[in-house]
Amino acid sequence: MWRLAKNILPTRGNLLRRRVPLDPVCPLCFNDLESTEHLFLHCPLIKQVWLASPLGVRPPPHSDLVLWLTQWLNCKESFAIQLFCTTLWKIWFFRNQTIFKNLDFDPIRVSCAAQKFVSEFSVSSTPREQSTGQQPRCDWVAPPPDFFKLNVDAGCGSMGQVSWGLVIRNHNAEVLFAATKKTEFVAEVVVAEALGLRWGLQIARDLNLSNIIFEMDASLVVDCFKDLLSLSSNDHFIVDCKELFSSLVNCSICVVSRSCNSAAHRLAQAAKTIGSRTWVGDASNPMEWPSFFIGLFP
Ligand SMILES: [Zn+2]
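Just so we're clear, the structure is a prediction, and the values are computed from it rather than from any experiment.

One way to put it is that helix α4 (residues 44-52) packs onto helix α6 (residues 78-100) with a least axis distance of 11 Å and a crossing angle of 145°. Seen along the crossing, α4 lies across α6 with a hand that is right-handed. Across the interface between the two elements, I46, V49 and W50 of α4 pack against F84, T87, L88 and I91 of α6. Among the residues forming the contact of α4 with α6, the class breakdown is six nonpolar, one polar and no charged.

Here's what the structure looks like:
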C-alpha cells in the first residue's frame, strides 16, 4: 500500500520513466500505457476485478489514486478495508504471475483469491472461545453489509442416495432461508456438488436476490465453473450453472474450507433423514424453525 501510494511500484510506466528500455504497454489489456492508475483503476480487466468483489467498488473516473486510497482507508468497516487492500495486493500479485509465469489473468479468480485470503485472515486473527465439544467448528465469516452468503453442500450416501443442504445468511449472520433436499440416484461426488451449485443458483434467482457470495467446499466444481478444469460427467450441469449465474446481479462463487461450510454440510446430512424441506424467515424465532436448527448456526 505504501509503495502504491508513493507511486513507486515497478509498473511498466514507472520503469520507462526510469529509462528502463521495455514495452510499456499494459500486459493485461494491451491497450494503454501501464501506469499505476491504469493498472489499479482504469484497465478493463481490473474494472472486472472490482465488479466481482463483494465491495461493489466502482473505480472513480478521476485518476487521483491517493485520494481514492485515503477514502477507502477511512471507511468504518474493517472487513471492507481489509478486502480493499488485499484486492490491490492480489491485483499486483496476479499481474506479476501473468508477466513472469505466463498465466492468464482471470479477474474473477483475483477477486475470489482476495476474499478467500481475508476470510482466512479474519478467522486466524479472531480469538476463538474454548470449544465445548457441543458446537460444530465454524469458521464461517458473515458477508459485508448489503450482501448475502449462500452456502451449499452435497452428500452422497452409499445406497444410491444424494442429499443437499443450503443456507442463506446476511451480514449479521442471520439465517434468512434454509433448505434440504434428497433424491434417490447414484451420482459421483462432483456431479452431486455441481447439482448443488445449480440448486443454489436457482433458489437465488427464484428469491430474486442479488449481491450474493456463493460458498461451497467442492473446489473441482468451482474450477469447472471457472473453466480451469473440464469434467465430462458434470459439463452439462456447469453449463446450466453459468446460464443461471449470468442472470444474477453482483454475485461471485468461492471455494471455502469444510469448516466454513459446516452449516450447509449439516443440513445435507440432516436431509438423509428429514428429506426435502424449506424454511423461510428469521431463524432466531424458534417458533418457526425446527429444534434441530438450535446450535446449527453458531
Ligand atoms: Zn490494461
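Taking strand neighbours across the sheet as the criterion, the six strands line up as β5-β4-β1-β2-β3-β6 in an open arrangement whose pairing is mixed. Every other strand in the sheet has two partners, leaving β5 (252-255) and β6 (277-280) as the edge strands with one partner each. With strand direction ignored, the average angle separating the axes of adjacent strands in the sheet is 15°. Bridge analysis of strand β4 (residues 212-216) against β5 gives four bridges, and the strand direction is parallel. In the sheet register, I213 faces β5, and the bridge partner there is S252.

What follows deals with the nonpolar core. Note on soluble globular proteins: their nonpolar side chains tend to be buried together. Core analysis: the largest hydrophobic core is formed by 38 residues, its most contacted members being L150, L166, I168, L197, L201 and F214. Of all the secondary structure elements, the ones that give two or more residues to this core are β1 (148-157), β2 (161-169), β3 (175-183), α8 (189-206), β4, α9 (219-225) and α10 (235-246). The element best represented in this core is α8, accounting for ten residues. The residues touching I168, leaving out its near neighbours within four places in the chain, are F148, K149, L150, E174, V175, L176, F177, I203, L207 and L209. Counting residues in hydrophobic clusters, the runner-up holds 32 residues, among them L45, W50, L65 and A80.

The subject of this paragraph is helix α11 (residues 262-274). Between its terminal C-alpha atoms α11 stretches 18 Å, which fits the 18 Å expected from 13 residues at 1.5 Å a residue. Among the residues of α11, those classed as buried are S262, A263, A264, L267, A268, A270 and A271. Where α11 is buried, its residues contact β1, β2 and β3. After α11 finishes, the residue G275 shows a positive phi value of roughly 75°.

Moving on, we come to the pattern of salt bridges. This model, assessed by the stated rule, comprises five salt bridges. K149 is the salt-bridge partner of E215, the closest N and O atoms lying 2.7 Å from each other. Linking E215 in strand β4 with K149 in strand β1, this pair joins segments that are 66 residues apart in sequence. Considered together, E215 and K149 belong to a single accessibility category, that of buried residues. Notably, a salt bridge pairs R205 with D206, separated by 3.3 Å at the nearest N-O pair. The exposure class of R205 is partly exposed, given its relative accessible area of 42%. Overall, D206 belongs to the exposed group, its relative accessible area being 56%.

Right, let's talk about the coordination of the zinc ion for a bit. Donor atoms from the polypeptide that bind the zinc ion are C26 (SG), C29 (SG), H38 (NE2) and C43 (SG), placed at 2.1 to 2.4 Å. Every donor counted, the four donor atoms about the zinc ion form angles of 103 to 114° at the centre, which fits tetrahedral coordination. Read in sequence order, the donor residues coordinating the zinc ion give the pattern C-x2-C-x8-H-x4-C. For the pair C29 and H38, a shared accessibility class is recorded, and that class is buried.

What counts, and at which threshold
Residues numbered from 1 in each chain as written. Predicted model: local features only at pLDDT ≥ 70, side-chain atom pairs only at ≥ 80, totals over all residues. Heavy atoms only, no water. Axes fitted to C-alpha atoms, helices over the stretch in contact; angles between N-to-C directions. Helix = DSSP H or I, 4+ residues; strand = E, 2+ residues; numbered from the N terminus. Left-handed = near helix turned anticlockwise from the far one by under 90°. Contact = heavy atoms within 4.5 Å. Nonpolar A, V, L, I, M, F, W, Y, C, P; charged D, E, K, R; others polar. Pairing = 2+ DSSP bridges. Core = buried A, V, L, I, M, F, W, Y, C linked by side-chain atoms within 4.5 Å. Buried < 20%, exposed > 50% of the residue type's maximum accessible area, 1.4 Å probe, protein only. Expected span 1.5 Å × (residues − 1). Salt bridge = Lys/Arg side-chain N within 4 Å of Asp/Glu carboxyl O. Donors = N, O, S within 2.8 Å, 3.2 Å for Na, K, Ca; no water. Tetrahedral: all angles 85-135°; square planar, octahedral: opposite > 155°, others 65-115°.

The values reported here are purely geometric and, on their own, carry no functional implication.
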